[in-house]
Each structure stands twice: as structure tokens, then as C-alpha cells.
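# Descriptive analysis of the structure
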Amino acid sequence: MDPVAVHSTGFRVLKEVPKIAKHDDTRINDEITATRCRLIGVDGSQLGLFDIRDAQRIADEQNLDLVEIAPNADPPVCRVMDYGKYKYQQAIKAKAARKNQSRVEVKEMKFRPKIDVGDYETKKGHVLRFLKKGARVKITIMFRGREMAHPEQGLNVLERLAEDLKPYATVESQPKLEGRNMLMLLAPIKGAFDEKPEKSESDKK
């Protein structure tokens, strides 16, 4: 609707149109530049083609907003709604989705291609601890100097680790060489760390 109203005295006075704070590119009310639109009512019903001024009048009469929901359509599609309430509900839903979304942490453990047995077992224990806490673990083999000439040594370490941890982890990302490092990603197997009930004497027989 044109933000001009006719006063009872016959004079034309400016009508104050409330502005809504927006943080997106959605056009509403007097921001809509199209001259015609396909209008959807507040209840979702298809109202047909309208001149944009008439569509705005319909929204104003219900103290609602005219919102352009499909600007690239020909003609654009607009809907009558309470835009402030709609944005608030969207924000609540997004917050709930973020809260329910499980954040999987990624830890990193670095190995050398010529790692000794003791160091290997220690680092394997750390990896196992990370997996038990539900984290994915990026295994990095660091090559130095002439070690780059024998990448199979690093691959052997990764394959050995994957085999040792087979009951607890799956290889989510196969070993690959990136620069002077060889990487592999392990993901914990769901339920692998659950405590198994001890067998009773009758079960052992």
C-alpha cells in the first residue's frame, strides 16, 4: 500500500510504515520492486495474480507483511505473513538444530615411518583413548629428508595401526600422501567400547 492515507479533514498525510530489522536479502513490503505478483495467503492458499499495490493492501488490512518468497519466478511469488514472527521461529529452529547436532571432534596423532615398538605402542594407546571418547583421529606420518624416497614405510605403519585397531575403528579416509606427510583418518565403531556382560558359569559350560 502507498504509505499515504487520507485524513478525515481531506488532507493527505503520511502513514507510518513500520520497518523490520532484517539480516538477509528477502524483500518485504515497500522493498518489493515487482509490479505484479502471484499471491499466497496467510493460510497458504493460492490467491492468484495481483498488482503489487493490491497485494500490499491485503497484507496491511491484516496487519501483516507482504514477503517476496520466490523473487526469480515470473511473476514473483509473495506471501502474506507476520515476518517478524516467522524469523523468530526460524531462529529458534536453527538454534535447536545446532544444539542437537553432534559435534565430532577430530584429534591428531603423529608417527614417524621408522617408529620403534615402544613409541608405537604408546601412540596407539593414545589413539585408542581418543576413539573411546568418540573422536575421529587423523593419523599423520611425517617424512624427513631421504625418508621421502620410501613412502611404503609410512604406509606400513598406517596399515599396521588400522589392523591393530580393527575391532574399534574403521578407516574413514584411506592413506594418502600430502606434501611430506601421509594421512589416514580413523573413525570409532559405535558400540565397540561398550562393556560386554561377563558370562555366567552356566554360560561357560
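Residues numbered from 1 in each chain as written. Predicted model: local features only at pLDDT ≥ 70, side-chain atom pairs only at ≥ 80, totals over all residues. Heavy atoms only, no water.

## Here we look at the nonpolar core
Among the nonpolar cores identified, the biggest contains 20 residues, and Phe111, Val127, Ile139 and Leu186 are the most heavily contacted of them. By size, the runner-up hydrophobic cluster in this structure holds 12 residues, among which are Cys37, Leu39, Ala55 and Ala59. (Core = buried A, V, L, I, M, F, W, Y, C linked by side-chain atoms within 4.5 Å. Buried < 20%, exposed > 50% of the residue type's maximum accessible area, 1.4 Å probe, protein only.)

## Quick notes on the packing of helix H3 (residues 117–132) against helix H4 (residues 151–164)
In the contact formed by H3 and H4, the axes pass within 12 Å of each other and the chain directions differ by 50°. Our classification of the angle between H3 and H4 gives oblique. You can see that H3 and H4 cross each other, and the crossing is right-handed. Residue-level inspection shows Tyr120, Glu121 and Lys124 of H3 in contact with H4, the latter providing Val157, Arg160, Leu161 and Asp164. Split into classes, the residues belonging to the contact of H3 with H4 amount to three nonpolar, no polar and four charged. (Axes fitted to C-alpha atoms, helices over the stretch in contact; angles between N-to-C directions. Helix = DSSP H or I, 4+ residues; strand = E, 2+ residues; numbered from the N terminus. Parallel < 35°, antiparallel > 145°, perpendicular 65-115°, else oblique. Left-handed = near helix turned anticlockwise from the far one by under 90°. Contact = heavy atoms within 4.5 Å. Nonpolar A, V, L, I, M, F, W, Y, C, P; charged D, E, K, R; others polar.)

## Remarks on the sheet that holds strand S8 (residues 136–142)
Sheet strands associate in pairs through backbone hydrogen bonding, adopting either a parallel or an antiparallel arrangement. Across the sheet, which stays open at both edges, the four strands sit in the order S7-S8-S10-S9 with mixed pairing between neighbours. Only two strands of the sheet have a single neighbouring strand rather than two, namely strand S7 (106–111) and strand S9 (169–178). Along the sheet, successive strands turn relative to each other by an average axial angle of 20°, direction set aside. With six bridges joining them, S7 and S8 adopt parallel strand pairing. Looking at S8, one finds that Lys107 is bridged to Val137. Strands S7, S8, S9 and strand S10 (181–188) of the sheet are contacted by H3, whose axis makes an angle of about 175° with S7. Contacts from H4 reach S7, S8, S9 and S10 within the one sheet, and its direction differs from that of S10 by about 10°. (Pairing = 2+ DSSP bridges.)

## Quick word on the pairing of S9
Pairing geometry for S9 and S10, over seven bridges, is antiparallel. Note that in S10 the partner of Thr170 across the bridge is Ala187. Connecting the antiparallel pair S9 and S10 is a turn made up of two residues, with Gly179 showing a positive phi of about 65°.

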